[in-house]
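Per-entry structural report
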Amino acid sequence: MGPPTPTPTPTPARRFGRPREGQSQSSPNLYVANCGPAVGLSYETIASVFGAFGEVKAVNPADESGVRVVVSFAEEGCARTALATLQGRPCPQLGGRCLHIRYSQLQPQPQPLSLGHPPPLSVVALMASELNISGLYLLHDFVSVEQEQALIAAVDQRPWNNLSKRRVQHYGYEFCYATRNVNPKQKLGELPSFVLPVLNKLSMFAKLDITADIDWDQLTVNEYPPGVGLSPHIDTHSAFEGLIFSLSLAGPCIMEFRRYADGDWRAKASLGSNMKIENPEHNSNFIRKSIHLPPRSMLLLSGEARYAWHHYIPHHKIDVVNDTVIRRGTRRVSFTFRKVRTAPCKCDFPQYCDSQR
């Protein structure tokens, strides 16, 4: 009889801590790195290989990377034997991968805080309506393949500015990353003519009771190489108006949205205009929801989604979307359209608003 089918996602009552350096306390649970669906190994395959050492109760993802799992045995001695046999050695049954294994201890589920603790893994939505975030919209196939190719060719004919991990182009107004703001008195010029077909199509959002007939005057083009994402942030309220459109081209990604408790946000974020959480993984007092952004899709942030939720692109080369492994392309290019604000923001979210602090 083969091993039982493992449960791919831990229930909230079963959370496994990532082992600390030097941790050797015996446990029936093994933390296994270099192993998971992101490297082509299904949970069933992993359970079958580890099942040679005894009954495997479950194989769970250890985090969102898809390359680390927790194997739970029925008996502690089976885990001990598996660790002694497989640790640091190539495993032919797992594609010759060299596994890095430690004991993993079961941790009690912490008590919820004001906004609740994030789940061990986010279920990745395919439609914005699944997230139930007010003001968030996503339209698939907003541009055609031919339009996508034309837009990319147009920006590739223009000079790029190099940041530490990605390249950018600014039109209309330059976005200053140090202050996360713009200088409305320093206009670079009008938006380029090659984006006019995109701007004209924004009227499609009028069907959603969204006023999209706006004189857009700022465009940021970002090029993301494989594995490069975006830190969690809220676009500065005092810099831009309430509608932000982002067109994804060339490659897919996952975008995560996080709603932090007020106290945590004030403790972590700068008191200036840089609304960015520097060490987001050290803070668990937030709600998080994830969505898959395919190429040629247009994302709209408005209302609560724009003013109160941090958005974030994990720094992964491979995304796991509901048990499906999706590799990011050789590049992802985004076009973000915004309207520069000329008066203080008076939104309904003062705890996140630099104009109202």
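The name recorded for the chain in an unreviewed UniProt entry is Splicing factor-like protein, from Trema orientale.

Turning to the overall build of the chain, a few remarks are in order. For the chain, the count of helices and strands is six helices and 24 strands. With 357 residues in all, the chain has 50% of them scored as buried. Across the chain, every contact between residues at least 6 apart in sequence was considered, and the portion connecting residues at least 24 apart equals 80%. For the chain, the computed accessible surface area is about 16800 Å², with 51% contributed by carbon and sulfur atoms.

Before going further, it helps to examine the environment of Gly189. Of note, Gly189 is situated in the loop between strand 14 (181-187) and helix 4 (196-201). Residue classification places Gly189 among the partly exposed positions, given a relative accessible area of 25%. Expressed as a C-alpha distance, the spacing of Gly189 and Gln218, which sit 29 residues apart in the sequence, is 9.5 Å.

Turning our eyes to something else, we now look at the sheet that holds strand 18 (residues 253-260). Hydrogen bonds between backbone atoms are what pair the strands of a sheet, whose relative direction is either parallel or antiparallel. In spatial order, the strands read 9-19-18-21-16; together these five strands make up an open sheet with mixed pairing. The open sheet terminates on both sides in strands that have one partner only, identified here as strand 9 (124-125) and strand 16 (230-233). Bridge count for strand 18 against strand 21 (residues 310-313) is three bridges, and the pairing is antiparallel. Pairing of Glu256 across the sheet is with Tyr312, part of strand 21.

On to the environment of Tyr177. Here Tyr177 lies in the loop between strand 13 (173-176) and strand 14. It is 9.6 Å that separates the C-alpha atoms of Tyr177 and Leu163, two residues lying 14 residues apart in sequence. Those residues within four positions of Tyr177 in sequence are excluded, and the remaining contacts are Leu163, Arg166, Val168, His170, Thr220 and Asn222. Within the structure, Tyr177 has its side chain in polar contact with the side chain of His170 (distance 3.4 Å).

All right, on to the packing of aromatic side chains then. Enumeration over the complete set of coordinates arrives at six aromatic pairs. Ring centres of Phe175 and Tyr177 lie 5.0 Å apart, and the angle between their planes is 85°; on these two criteria the pair is classed as edge-to-face. Judged by relative accessible area, which is 6%, Phe175 ranks as buried. Stacked on the ring of Phe175, the Lys or Arg Arg338 has its end atom at 5.1 Å from the ring centre.

Time to look at the confidence of the model for the chain. Put simply, the chain has an average pLDDT of 81, and 80% of its residues get 70 or more. Counting contacts from residues 108-121, a segment whose pLDDT is below 50, to residues more than four positions away or on other chains yields 32 contacts. Within the model, pLDDT remains below 50 along residues 263-282, and this stretch shows 49 contacts once partners closer than five positions in the same chain are excluded.

With that settled, the discussion passes to the sheet that holds strand 20 (residues 298-301). If you walk across this open sheet you meet the seven strands as 10-20-17-24-15-12-11, and the pairing is antiparallel. Looking at which strands have only one partner, the edges of the open sheet turn out to be strand 10 (136-139) and strand 11 (161-162). Looking at chain direction, strand 12 (residues 167-171) and strand 15 (residues 218-224) are connected through five bridges and run antiparallel. Looking at strand 15, one finds that Gln169 is bridged to Val221. Most of the contacts of helix 3 (residues 145-156) go to strand 17 (residues 244-249), to which it runs at about 95°, and overall it touches strand 12, strand 15, strand 17 and strand 24 (332-338).

As a further point, take the side chain of Ser302. Examined against the element boundaries, Ser302 turns out to sit in the loop between strand 20 and helix 6 (303-307). Note on Ser302: relative accessible area 5%, which makes it buried. Within the structure, Ser302 has its side chain in polar contact with the backbone oxygen of Gly135 (distance 2.8 Å).

Conventions used here
- Residues numbered from 1 in each chain as written.
- Predicted model: local features only at pLDDT ≥ 70, side-chain atom pairs only at ≥ 80, totals over all residues.
- Heavy atoms only, no water.
- Helix = DSSP H or I, 4+ residues; strand = E, 2+ residues; numbered from the N terminus.
- Buried < 20%, exposed > 50% of the residue type's maximum accessible area, 1.4 Å probe, protein only.
- Contact = heavy atoms within 4.5 Å.
- Areas by Shrake-Rupley, 256 points an atom, 1.4 Å probe, with all protein chains shown as cover.
- Pairing = 2+ DSSP bridges.
- Polar contact = N/O pair within 3.5 Å; in protein donor to acceptor, adjacent residues only side chain to side chain.
- Phe/Tyr/Trp six-rings, centres within 6.5 Å; stacked < 30°, edge-to-face > 60°.
- Lys NZ or Arg CZ within 6 Å of the ring centre and 35° of its normal.
- pLDDT = per-residue confidence, 0-100.
- Axes fitted to C-alpha atoms, helices over the stretch in contact; angles between N-to-C directions.

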